[in-house]
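Residue strings, one per chain:
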Amino acid sequence: MKICSKCGREKNKNKFGNDKSREDGLTDWCKKCRNRSGRNWKKNNPEKVKNSHRKWRAANPETHRQNGRIWAINNPEKVKEKNLRRHNISTEEYNNLLKLQNNICAICGKPETITLKRKIKALIIDHDHITGKNRGLLCHHCNIILGHSHDNTEILLNAIKY
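## Digging into a positive patch on the surface
Together, K6, R9, K15, K31, K32, R36 and R39 give the surface a local cluster of positive charge. Topologically, R39 is positioned in helix α1 (residues 31-44).

## Thoughts on the pattern of salt bridges
All chains considered together, the criterion is met by 6 salt bridges. A salt bridge links D28 to R22, with the nearest nitrogen and oxygen atoms 2.6 Å apart. The class of D28 is partly exposed, set by a relative accessible area of 31%. With a closest N to O distance of 3.2 Å, D151 and R135 form a salt bridge. Of this pair, D151 sits in the loop between α6 (140-148) and α7 (153-161) while R135 is found in strand β8 (residues 134-138), placing the two residues 16 residues apart along the sequence. Because the salt bridges share partners, they merge into one network encompassing E62, R65 and R69.

## Focus on the layout of surface pockets
The calculated volume of the largest pocket comes to roughly 1000 Å³. If you go around the largest pocket, you meet 32 residues; those closest to its centre are P76, V79, K80, N83 and K121. Going through the elements one at a time, α3 (61-74), α4 (76-86), β6 (119-120), β7 (124-127) and α6 are the ones with two or more residues in the lining of the largest pocket. When residues of the lining of the largest pocket are assigned to their parent elements, the largest contribution, 8 residues, is made by α4. Split by residue class, the lining of the largest pocket holds 14 nonpolar, 7 polar and 11 charged.

Calculation notes
- Residues numbered from 1 in each chain as written.
- Predicted model: local features only at pLDDT ≥ 70, side-chain atom pairs only at ≥ 80, totals over all residues.
- Heavy atoms only, no water.
- Patch = residues over 30% accessible without salt bridge, like charges linked within 9 Å, V, L, I, M, F, W, Y side chains within 5 Å.
- Areas by Shrake-Rupley, 256 points an atom, 1.4 Å probe, with all protein chains shown as cover.
- Salt bridge = Lys/Arg side-chain N within 4 Å of Asp/Glu carboxyl O.
- Lys, Arg positive; Asp, Glu negative; His and termini not counted.
- Charge placed at Lys NZ, Arg CZ, Asp CG, Glu CD.
- Helix = DSSP H or I, 4+ residues; strand = E, 2+ residues; numbered from the N terminus.
- Buried < 20%, exposed > 50% of the residue type's maximum accessible area, 1.4 Å probe, protein only.
- 1 Å grid on protein atoms, 1.4 Å probe; cavity = no way out; pocket = protein on both sides within 12 Å on 5 of 7 lines; lining within 4 Å.
- Points joined across faces, edges and corners; volume = space filled by probe spheres on them.
- Nonpolar A, V, L, I, M, F, W, Y, C, P; charged D, E, K, R; others polar.

Encoded structure:
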């Protein structure tokens, strides 16, 4: 047993973090007090937290990208909500557009076939990169075609001729 120097409560030693510099090898504050203190510090120092995160992302771009991918795979509904907000479209508007297009791609006329965690992905909101105006819903493959051609009709026509 050990007494937390922050809350003054006697707690089991497993309720304390490790600290090799301490004689008993444990932190002075219990995990609960340390967590509360950390949350309060973050709440009171948002700019420092933001700068710290920015520095970490710059120093660890691949890990940051990988963490983002893992988060996206585990949070498909949040990704969908984020995409809807980014394209300034409500869930209702998206569903109406989906219904209008009969749940198929506006270009190839086929349903989406790409899966993520054994579920078929939602059709992607296509938009004009210059005006930002939403044009319709596309499957992954058609969206890639437009993206790689930079919406340039000459490139697309050359690809057709090829």
